[in-house]
Amino acid sequence: MLPQEIVRLKRDKIELPPAQLLEFVAGITDGSVSDAQISAFAMAVYFNGLSRNETIALTMAMRDSGDRLDWSDLDRPVADKHSTGGVGDNVSVMLAPIVAACGVAVPMISGRGLGHTGGTLDKMDSIPGYTSQPDNELFRKVTREVGCAIIGQTANLAPADKRFYGVRDVTATVENVSLITASILSKKLAAGLGWLVLDVKCGNGAFMSDLQKARELARSLVDVANGARTKTTALLTDMNEPLASAIGNAVEVNNAVDFLTGAHRDPRLEAVVVALAIEMVVSAGAAADLTKAETMVRQVLDEGKAADLFGQMVTALGGPADFLEKPDNYLDKAPLIVPIKADRSGALAQVDARAVGIAVVELGGGRRQRDDTIDHCVGLTDFVPIGTKLQKGDPICFVHARTEAQVENARQNIFKAIEISETDVAPMTPVIERID
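Residues numbered from 1 in each chain as written. Predicted model: local features only at pLDDT ≥ 70, side-chain atom pairs only at ≥ 80, totals over all residues. Heavy atoms only, no water.

The next point concerns the side chain of S83. Its location among the elements puts S83 in strand β1 (residues 79-83). Here S83 falls in the buried class, since its relative accessible area comes to 16%. A polar contact of 3.1 Å, which involves the side chain of S83, links it to the backbone nitrogen of G85. For S83, the side chain forms a polar contact with the side chain of D89, separated by 3.0 Å. Apart from the residues within four sequence positions on either side, S83 is in contact with D89, D199 and K201. (Helix = DSSP H or I, 4+ residues; strand = E, 2+ residues; numbered from the N terminus. Buried < 20%, exposed > 50% of the residue type's maximum accessible area, 1.4 Å probe, protein only. Polar contact = N/O pair within 3.5 Å; in protein donor to acceptor, adjacent residues only side chain to side chain. Contact = heavy atoms within 4.5 Å.)

See below:
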């Protein structure tokens, strides 16, 4: 069928059979469908939506547009996690080795920062020598021998999605649940997973700020992934404040090392990491129930097994052999580390997490343009959680910057992003609900 006929059918709210969606995606991949036709199709979907069956068919067609990884030679279940993006969200850095230490292989394909949200790949790139985009042979070797590998998307993994998303990004057609679902899952399902757990963020620092919309996205992701025969569950988690007390790249890696070694664990971060780890371990069948899974997760953390696997992964992918023991020797440090002090006493009542993420981008810790170079050393640390009682002059956080001008700009941004109340404020609940 001609591409314009497929566009016409969707424009007229007619449900497309899988064969026509497969044909259209093949045209996206081989170039026989033009950018104008992709744009028209995306706009038709934006206004008329896709049925659940259409979304499943589109997802599977984009999944099959390039390489599909096969882990059938491994002697353990294979699982991964995907987050819809947040601020201070370094969960993946700890989660992969924790779940691997529980007997589940975790070939984690991660992304770079998008807008105000940080990217796991940018964090891992702050480790000198770490190969964040290895060839498939090294990726498979590290996953097989260590149990986990955190890398970036290979060039031929779901290539149709890469082109489709590029057109959607410049035609105001990104914000559609079906298209978001197909984009996320096509890459994850091409990775050959047996099980997938989703962390769908909700709040002022998430792409889905409204709880109902976040729930709708989570339900779509879970239903479509299961429809594509990958067992999937989701957790809705709060993003109305930074998840970790560190926001940046090197500072979040340092925070992750402290978490794994037990030197320091932010309570909200720990709640989300442990909840996702339990979900992955149970879903993959490595533990019989939630209670046994939590025991395993706590044990691999307390005994240092998860930390050891993280160190092995870093070394196997080209990083320093003693990175786990001496991260300060390798991570870039900002020349200026300056406290941002409360200008009055009271409880931290509100944080605009998106504004905090933007403050880090303006420091150089994120990208304004796609090809911008990341400054790994800048960021924020020791950011106090909502509910913290402050005296005037107490630090709200510390800015890691290159220049005094950056410090002052960050100071202004932080004060715009927070609210201090004279009354006590209850802390936020980090894990909102589970969807299966």
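Taken as a whole, this structure holds 29 salt bridges when the rule is applied. Through salt bridges with shared partners, a single ionic network connects E5, R8, R11 and D12. (Salt bridge = Lys/Arg side-chain N within 4 Å of Asp/Glu carboxyl O.)

What follows concerns the packing of aromatic side chains. Taken as a whole and judged by the stated rule, the model has 6 aromatic pairs. Look at F24 and F41: their rings are 4.6 Å apart centre to centre, the planes differ by 35°, and that puts the pair in the tilted class. Of this pair, F24 sits in helix α2 (residues 18-30) while F41 is found in helix α3 (residues 35-48), placing the two residues 17 residues apart along the sequence. Consider the rings of F310 and F323, whose centres lie 6.4 Å apart with planes at 50°: the pair is tilted. Placement of F310 in helix α14 (residues 305-316) and of F323 in the loop between α14 and β7 (336-341) is noted, with a sequence separation of 13 residues between them. The same class applies to F310 as to F323, namely buried. By way of ring pairs, the aromatic residues F24, F41 and F164 are connected into one cluster. Over the ring of W71 we find R140; its NZ or CZ atom is 4.8 Å from the centre of that ring. (Phe/Tyr/Trp six-rings, centres within 6.5 Å; stacked < 30°, edge-to-face > 60°. Lys NZ or Arg CZ within 6 Å of the ring centre and 35° of its normal.)

Of note, D122 is situated in helix α6 (residues 120-124). Residue D122 is classed as buried on the basis of its relative accessible area, which comes to 3%. It is 8.8 Å that separates the C-alpha atoms of D122 and S132, two residues lying 10 residues apart in sequence.

Okay, the nonpolar core next. When a protein is soluble and globular, its nonpolar side chains tend to lie buried together. Among the nonpolar cores identified, the biggest contains 123 residues, and I98, F310, M313 and F383 are the most heavily contacted of them. Among all residues touching F383, those that are not within four sequence positions of it are S245, I247, V351, V356, I396, C397, I414 and I418. Within the second largest apolar cluster, 23 residues are counted, among which are V25, I38, A61 and L179. (Core = buried A, V, L, I, M, F, W, Y, C linked by side-chain atoms within 4.5 Å.)

Turning next to the state of the cysteines. Under the definition given, this model contains 0 disulfides. Take C377: it sits in no disulfide, and the sulfur closest to it among the cysteines is that of C397, at 16 Å. Take C397: its relative accessible area is 0%, and that puts it in the buried class. (Disulfide = S-S within 2.5 Å.)

Turning to the packing of α2 against helix α4 (residues 52-63), a few remarks are in order. Following both chains from N to C, one finds α2 and α4 inclined at 35°, their axes separated by 9 Å at the closest point. When you trace α2 past α4, the crossing you get is right-handed. For the pair formed by α2 and α4, the contact residues are P18, L21, L22 and V25 on the first element and E54, A57, L58, A61 and M62 on the second. Classifying every residue of the contact of α2 with α4 gives 8 nonpolar, no polar and 1 charged. (Axes fitted to C-alpha atoms, helices over the stretch in contact; angles between N-to-C directions. Left-handed = near helix turned anticlockwise from the far one by under 90°. Nonpolar A, V, L, I, M, F, W, Y, C, P; charged D, E, K, R; others polar.)

This paragraph deals with the sheet that holds strand β8 (residues 346-351). Note: strands within a sheet are paired through backbone hydrogen bonds, in either parallel or antiparallel orientation. Overall, antiparallel pairing links the 3 strands, which are arranged β10-β8-β12 in an open sheet. Pairing within the sheet leaves two strands with one partner each, and these edge strands are β10 (389-390) and β12 (418-421). Note: β8 against β10, 2 bridges, orientation antiparallel. Across the sheet, residue A347 finds its bridge partner in β10, namely K389. Sheet strands touched by helix α16 (residues 404-417): β8 and β12. Its angle to β12, the strand with the most contacts, is close to 55°. (Pairing = 2+ DSSP bridges.)

The subject of this paragraph is the environment of L22. With respect to the helices and strands, the residue L22 is situated in helix α2. A C-alpha to C-alpha distance of 42 Å links L22 and E294, two positions 272 residues apart in sequence.

Helix length check: α14, at 12 residues, gives a terminal C-alpha distance of 16 Å against a target of 16 Å (1.5 Å per residue), a fit within 8%. Three or more residues of α14 are buried, namely A306, A307, L309, F310, G311, M313 and V314. Where α14 is buried, its residues touch α5 (91-101), α6, α7 (136-146), β3 (148-152), α11 (250-261) and α13 (290-302). Phi for G318, located one or two positions after α14, is positive at around 100°. (Expected span 1.5 Å × (residues − 1).)

A few words on the side chain of S126. Looking at where S126 falls in the secondary structure, it is placed in the loop between α6 and α7. S126 gets classed as buried once you look at its relative accessible area, which sits at 7%. Separated by 2.5 Å, the side chain of S126 and the backbone oxygen of K123 make a polar contact. Beyond its immediate chain neighbours, meaning those up to four positions away, S126 contacts N249, A250, V253, L331 and H376.

To continue, consider the layout of surface pockets. Space inside the second largest pocket adds up to approximately 600 Å³. Of all elements in the fold, only α11 and α12 (267-283) reach the threshold of two or more residues within the lining of the second largest pocket. At 5 residues, α11 tops the list of elements feeding residues into the lining of the second largest pocket. Tallied by class, residues from the lining of the second largest pocket come to 17 nonpolar, 6 polar and 8 charged. (1 Å grid on protein atoms, 1.4 Å probe; cavity = no way out; pocket = protein on both sides within 12 Å on 5 of 7 lines; lining within 4 Å. Points joined across faces, edges and corners; volume = space filled by probe spheres on them.)

The next subject is the sheet that holds strand β4 (residues 195-202). Spatial strand order, β1-β4-β5-β13: 4 strands in an open sheet with mixed pairing. Where the open sheet ends on each side, the last strands, each with one partner, are β1 and β13 (431-435). If you compare each strand with its neighbour and ignore which way they point, the axes differ by 20° on average. Here strand β5 (residues 231-238) runs beside β13; their pairing, made up of 4 bridges, is antiparallel. Residue pairing for β13: A234 is matched across the bridge by I435. Against the sheet, helix α10 (residues 211-227) engages β4, β5 and β13, with an angle of about 165° to β5.

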